[in-house]
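Understanding the architecture of this molecule
As a plain string of letters, each chain reads:
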Amino acid sequence: WVMYGGDMSQMDSPSYDINGTDKAIWDRDNGEFDQYVPADINLDGDINGLDKIPWEENNGNSSRVPKN
């Protein structure tokens, strides 16, 4: 079982996908510190380039496993 990092939008859709919408969230929050927000992919409390790396690696991945 695998969960890909980078799906920041968590939109109300029946599946998971990592795309440009997620990067827009990272662009908006980049430079914020001491916060745990969706753009903080690595959960270190800072939104920076280290959070963009998993998004870049997983961009374009999607799953049809339904959300519960």
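Attention in this report is confined to the structure presented alongside it. (Residues numbered from 1 in each chain as written. Predicted model: local features only at pLDDT ≥ 70, side-chain atom pairs only at ≥ 80, totals over all residues. Heavy atoms only, no water.)

Observations regarding the overall build of the protein chain
Across its full length, the protein chain holds two helices and two strands. Secondary structure elements of the protein chain occur, N-terminal to C-terminal, as β-α-α-β. Sorting the 68 residues of the protein chain into buried and exposed places 28% on the buried side. Excluding contacts between residues fewer than 6 apart, the proportion of contacts in the protein chain whose partners are at least 24 apart in sequence is 44%. Accessible area of the protein chain: about 4700 Å², with a carbon and sulfur share of 53%. Charge-centre separation for the protein chain: the mean point of 5 positive side chains lies 8 Å from the mean point of 14 negative side chains. (Helix = DSSP H or I, 4+ residues; strand = E, 2+ residues; numbered from the N terminus. Buried < 20%, exposed > 50% of the residue type's maximum accessible area, 1.4 Å probe, protein only. Contact = heavy atoms within 4.5 Å. Areas by Shrake-Rupley, 256 points an atom, 1.4 Å probe, with all protein chains shown as cover. Lys, Arg positive; Asp, Glu negative; His and termini not counted. Charge placed at Lys NZ, Arg CZ, Asp CG, Glu CD.)

Structural notes on unusual backbone geometry
In this structure, Asp34 takes a positive phi of about 60 degrees despite not being glycine. A positive phi is found at Leu43, a non-glycine position, where the angle reads about 55 degrees. As for its placement among the helices and strands, Leu43 is situated in the loop between helix H1 (20-29) and helix H2 (49-58). Residue classification places Leu43 among the exposed positions, given a relative accessible area of 59%.

Comments concerning the pattern of salt bridges
Counted under the stated rule, the structure contains three salt bridges. In this structure, Arg28 engages Asp29 in a salt bridge whose closest nitrogen and oxygen atoms are separated by 3.0 Å. A relative accessible area of 12% means that Asp29 is categorised as buried. A salt bridge links Glu56 to Lys52, with the shortest nitrogen-to-oxygen separation between them at 3.9 Å. Residue Glu56 and its partner Lys52 are located together in helix H2, separated by four residues, close to a single helical turn. (Salt bridge = Lys/Arg side-chain N within 4 Å of Asp/Glu carboxyl O.)

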